[in-house]
Amino acid sequence: MKDLPPEAMEQVAAYFQALAEPTRLRILNLLRGGEHNVGFLAQQCGYTAANVSKHLSLLTKQGLVARESRGNCVYYRIDDPAVYALCDLVCGSIASRFEREAQHRALFSSNAS
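Small disclaimer: the values here were computed from a predicted structure and weren't measured. Sequence order as written defines the numbering, with residues in each chain counted from 1. Given that this is a predicted model, residues contribute local features only at a pLDDT of at least 70 and side-chain atom pairs are listed and counted only at 80 or more, while totals for whole chains, interfaces and linings are drawn from all residues. Heavy atoms from the whole structure form the basis of all side-chain values; hydrogens and water molecules are not counted.

Let's talk about unusual backbone geometry
Next up, step 1: The phi angle at Asp 3 is positive, at roughly 65°, despite the residue not being glycine.
Next up, step 2: Among the structural elements, Asp 3 can be located in the segment before helix 1 (6-18).
Next up, step 3: Whether a residue is buried, partly exposed or exposed follows from its accessible area with a 1.4 Å probe, protein chains only, as a fraction of its type maximum: under 20%, in between, or over 50%, in that order. The class of Asp 3 is exposed, set by a relative accessible area of 72%. For the purposes of this entry, the term helix denotes a DSSP run of H or I that reaches at least four residues, the term strand denotes a run of E that reaches at least two, and both are numbered from the N terminus.

Here it is as structure tokens:
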């Protein structure tokens, strides 16, 4: 982020904002397995197709996913595979933090006994 102009910082913030919603993370995770249409994604997420379409529209706008029309269906796929590296990095960091906290709690509960 060093030396980025303010306009680029706004784009970075919008990218992270797109990732800041659990439903969009679920959609991205489903797209890890390959491209899918809105109906499949909605069914897997437990939301309406209209709701999932709104999330996909934002993810497309941010360049995270790409869409392709085929007949009456629109299929979505990952357009920025770097998003998985970023998410895996963050998830790994959070998992490590939870593990340290669990070890810390276990240490104190064994000392209290």
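A word on the side chain of Thr 23
Next up, step 1: Along the polypeptide, Thr 23 turns up in helix 2 (residues 22-31).
Next up, step 2: Since its relative accessible area comes to 7%, Thr 23 is described here as buried.
Next up, step 3: Setting aside chain neighbours within four positions, we find Thr 23 in contact with Tyr 47 and His 55. Throughout, a contact is declared for two residues whenever any of their heavy atoms are within 4.5 Å.

Observations concerning the packing of helix 2 against helix 3 (residues 38-45)
Next up, step 1: Interaxial distance between helix 2 and helix 3 falls to 10 Å at its minimum, and their mutual angle equals 120°. Regarding the angle of helix 2 to helix 3, the classification is oblique. The handedness of the crossing between helix 2 and helix 3 is right-handed. When helix 2 is examined against helix 3, the residues Arg 26, Ile 27, Leu 30 and Leu 31 are found in contact with a partner set consisting of Leu 41, Gln 44 and Cys 45.
Next up, step 2: Of the residues in the contact of helix 2 with helix 3, the class split is 5 nonpolar, 1 polar and 1 charged. In this analysis, axes come from line fits to C-alpha atoms, helices being fitted only over the stretch in contact, and the angle between any two N-to-C directions falls in the range 0 to 180 degrees. Between 65 and 115 degrees an angle is taken as roughly perpendicular, under 35 as roughly parallel, over 145 as roughly antiparallel, and anywhere else as oblique. Handedness of a helix crossing follows the sense of rotation of the near helix relative to the far helix, less than a right angle counterclockwise being left-handed and clockwise being right-handed. Ten residue types, Ala, Val, Leu, Ile, Met, Phe, Trp, Tyr, Cys and Pro, are classed as nonpolar, four, Asp, Glu, Lys and Arg, as charged, and the remainder, Gly among them, as polar.

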